[in-house]
Amino acid sequence: MEFSAKQIASFLSGEIEGNPDVLVHTLSKIEEGVKGSLTFLANPKYTAFIYTTQASVVLVNKSFVPEQPVQATLIHVDDPYSSLAVLLSMVSQAKKNKKGIDSQTSISATASLGENVYIGAFAVIGENAKIGDNTQLHAQVYVGDGVTIGSDCVIYQGVKIMDDCVIGNGCILQPGAIIGSDGFGFAPQGSGDYQKIPQIGNVIIEDNVEIGANTTVDRATMGSTIIRKGVKLDNLIQIAHNVEIGENTVIAAQTGISGSTKVGINCMIGGQVGMAGHLRIADGAMIGAQSGVTNSINDTSHAYFGSPAINNKKFARSFAIYKQLPDLNLEIGALRKELDALKKNQK
């Protein structure tokens with residue numbers, strides 16, 4: 001598809017500087033721009049490239065004033081990065097606008113399908129499952145018995161949604177995500193082995209949640225594991241049984257959250273964070289990458305780093321000392337030798 005600079009400016013309520021009729025059909029980085037592409041300038045570090053880019057259209061801030069001639073047509077907007085996100089969303093929606101049911105599917109006679117749904121090849125929909133309007137289930141998606149999926153969802157290839165789980169409206173589940181697998185529940189026996197504890201709860205995912213590729217959300221032992229509205233989970237995350245993630249919290253890849261921990265709203269959690277079970281993480285908490293959280297977090301006046309996670313200022317001071325440990329060890333060794341020599345001389 002091709003769009004003119006004039007059309008794009010209209011979409012974004014932007015102001016054109018240059019040729020309004022120039023056409024673009026692709027997107028590019030500003031330093032890799034080619035004729036017919038659209039790019040953006042949001043970071044001042046890349047300003048030099050606007051004078052050399054071959055891109056046809058560049059989104060810039062309304063306050064941007066070129067210091068030398070620019071070949072590209074400029075579209076001045078309030079926030080170039082946010083405006084690009086709007087355009088990407090439009091393109092993505094156009095590409096994903098699939099409808100219809102593939103002939104190679106298995107859909108229970110008791111399942112309920114909304115209007116304008118898309119069901120891809122080899123998808124399986126179990127008994128009494130409910131799929132909302134305009135929702136897309138791509139190839140090889142499994143929807144278990146009693147599952148409810150809301151409207152306007154996109155469930156990508158290979159996602160597994162196990163029995164009785166609930167997915168809200170406007171959710172996106174990336175390829176390979178598993179919702180409702182058994183929680184890790186085993187009771188030690190006197191004989192030294194373990195008895196599996198049946199996991200009879202479910203998972204509830206509220207509206208406008210995105211779950212990354214190969215992320216796993218375990219079903220509750222009893223009750224529900226809950227992902228509140230607006231949460232964004234990256235790839236390769238483990239959410240254990242009976243965990244609750246508060247509204248609009250974002251969690252980066254490879255984080256693991258142990259059973260029954262409750263994470264507040266608007267938290268930001270970096271990659272590879274590990275959390276022990278039965279903790280409470282206060283609203284607005286910020287936890288740096290690779291931190292190990294072993295205690296509940298109540299004070300959110302600062303970020304947390306390290307393992308175990310501590311006040312980021314204390315962590316910085318501690319790490320400064322940690323880097324000096326080899327030299328300090330040598331100094332201590334030298335002082336010991338001097339002390340031993342003094343003791344010998346006193347004798």
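This structure is a prediction, so every number in the text was calculated from the model and none was measured.

## Notes on the layout of surface pockets
Within this model, the largest pocket holds a volume of roughly 360 Å³. Lining the largest pocket are 14 residues, and of these M1, F3, H25, L27 and V91 sit closest to its centre. Looking at the lining of the largest pocket, the elements with two or more residues in it are helix 1 (5–12), strand 4 (26–27) and helix 2 (80–95). Of the residues belonging to the lining of the largest pocket, the class tally is eleven nonpolar, two polar and one charged.

## Observations regarding the sheet that holds strand 5 (residues 37–40)
Sheet architecture is open: five strands sit in the order 2-7-6-5-4, paired in mixed fashion. On the outer flanks of this sheet lie strand 2 (15–17) and strand 4, each paired with one strand and no other. Pairing of strand 6 (residues 57–61) with strand 7 (residues 73–77), which is carried by five bridges, proceeds in the parallel orientation. Within strand 7, the residue paired with L59 across the bridge is I75.

## Digging into the pattern of salt bridges
Inspection of the entire model under this criterion finds four salt bridges. The salt bridge involving E206 is made with R228; its shortest N-O contact spans 2.7 Å. Note that E206 is positioned in the loop between strand 24 (202–205) and strand 25 (210–211) and R228 in the loop between strand 27 (224–227) and strand 28 (232–233), a separation of 22 residues in sequence. Take R228: its relative accessible area is 25%, and that puts it in the partly exposed class. Between E244 and R228 there is a salt bridge, and its shortest N-O distance comes to 3.1 Å. Separated by 16 residues along the polypeptide, E244 in strand 30 (residues 244–245) and R228 in the loop between strand 27 and strand 28 bring together distant segments of the chain. Classification of E244 by relative accessible area gives partly exposed; the value is 23%.

## A closer look at the side chain of S260
Within the secondary structure layout, S260 lies in the loop between strand 32 (256–257) and strand 33 (262–263). Ignoring any residue separated from it by four or fewer positions in sequence, one finds S260 in contact with H241, N242, V243, H278, L279 and R280.

## Observations concerning the pairing of strand 5
Note that strand 4 and strand 5 share two bridges and pair parallel. Bridge pairing in strand 5 links T26 to S37. Looking at chain direction, strand 5 and strand 6 are connected through three bridges and run parallel. Directly across from L38, in strand 6, lies its bridge partner V57.

## A closer look at the environment of I50
Looking at where I50 falls in the secondary structure, it is placed in the loop between strand 5 and strand 6. When its relative accessible area of 1% is taken as the criterion, I50 is described as buried. Residues I50 and P69, 19 residues apart in the sequence, show an inter-C-alpha distance of 9.5 Å. Those residues in contact with I50 that lie beyond four places of it in its chain are I30, L41, V58, V60, F64, V70 and L74.

## So, a nonpolar patch on the surface
Residues F319, I321, Y322, L325 and L328 make up a contiguous nonpolar surface patch of about 480 Å² in total accessible area. Broken down by secondary-structure element, the contributors of at least two residues to the nonpolar patch are helix 3 (312–323) and helix 4 (325–346). Of the residues forming the nonpolar patch, the biggest block, three residues, is contributed by helix 3. Residue L325 is classed as partly exposed on the basis of its relative accessible area of 42%.

## Focus: the sheet that holds strand 38 (residues 292–293)
Pairing is parallel across the open sheet formed by ten strands, whose spatial order is 9-12-15-18-21-26-29-32-35-38. Lying at the two open borders of the sheet, with one neighbouring strand each, are strand 9 (106–107) and strand 38. In this sheet, strand 35 (residues 274–275) lies alongside strand 32 in parallel orientation, the contact comprising two bridges. Bridge pairing in strand 35 links G256 to G274.

## Description of the packing of aromatic side chains
The final tally for this structure, using the stated rule, is seven aromatic pairs. When the ring of F3 is compared with that of F11, the centres are 6.0 Å apart and the planes differ by 75°; the resulting orientation is edge-to-face. By the ring-pair criterion, three or more aromatic residues cluster together here, those being F305, F315, F319 and Y322.

## So, the nonpolar core
Membership of the largest hydrophobic core comes to 50 residues, with the highest contact counts inside it found for I161 and I179. Discounting residues that sit within four places of it in the chain, I179 has contacts with K160, I161, M162, C165, I167, L173, V203, I205, I211 and V217. The next biggest cluster of nonpolar side chains, apart from the first, holds 13 residues, and it includes L12, V22, L38 and V77.

## Thoughts on unusual backbone geometry
Cis geometry marks the peptide bond from S307 to P308, where omega comes out at 0°. Turning to its location among the elements, P308 is positioned in the loop between strand 39 (304–305) and strand 40 (310–311). The backbone phi angle of D164 is positive, close to 70°, even though this residue is not glycine. Structurally, D164 can be placed in the loop between strand 18 (160–161) and strand 19 (166–167). Owing to a relative accessible area of 45%, D164 belongs among the partly exposed residues under this scheme. Located in the positive-phi region is N248, a residue other than glycine, with phi close to 60°.

Cut-offs applied
- Sequence positions are assigned chain by chain, starting from 1 and proceeding in written order.
- Confidence filtering applies because this is a predicted model: local features only for residues at pLDDT of at least 70, side-chain atom pairs given and counted only at 80 or more, and all residues used for totals across whole chains, interfaces and linings.
- Only heavy atoms go into the side-chain values, all of them from the structure, while hydrogens and water stay out.
- Put plainly, a pocket is an open set of points on a 1 Å grid over the protein atoms alone with protein on both sides within 12 Å along at least five of seven lines, a cavity is a set where a 1.4 Å probe fits but cannot get out, and a lining residue has an atom within 4 Å of a point.
- Grid points are joined across faces, edges and corners, and a volume is the space filled by probe spheres set on the points.
- In this text, helices come from DSSP runs of H or I with a minimum length of four residues, and strands from runs of E with a minimum of two, each type numbered from the N-terminal end.
- In this classification, the charged set is Asp, Glu, Lys and Arg, the nonpolar set is Ala, Val, Leu, Ile, Met, Phe, Trp, Tyr, Cys and Pro, and all remaining amino acids, among them Gly, are polar.
- We treat two strands as partners when DSSP finds at least two bridges between them.
- The salt bridge criterion pairs a side-chain nitrogen of Lys or Arg with a carboxyl oxygen of Asp or Glu, the two atoms within 4 Å.
- Think of it in three bands: with a 1.4 Å probe and only protein chains considered, a residue is buried below 20% of the maximum accessible area for its type, exposed above 50%, and partly exposed in between.
- Residue contacts are defined here by distance: any two heavy atoms, one from each residue, within 4.5 Å place the two residues in contact.
- Here the term patch refers to residues with relative accessible area over 30% and no salt bridge, with like charges joined within 9 Å and nonpolar side chains (Val, Leu, Ile, Met, Phe, Trp, Tyr) within 5 Å.
- Surface accessibility follows the Shrake-Rupley procedure with a 1.4 Å probe radius. Residue values consider only the protein chains on display as shielding.
- Side-chain rings of Phe, Tyr and Trp, where Trp is taken by its six-membered ring, are said to pair if the distance between their centres is within 6.5 Å; with planes under 30 degrees apart they count as stacked, over 60 as edge-to-face, and otherwise as tilted.
- As used in this record, nonpolar core signifies buried Ala, Val, Leu, Ile, Met, Phe, Trp, Tyr and Cys residues forming a set joined through side-chain atoms within 4.5 Å.

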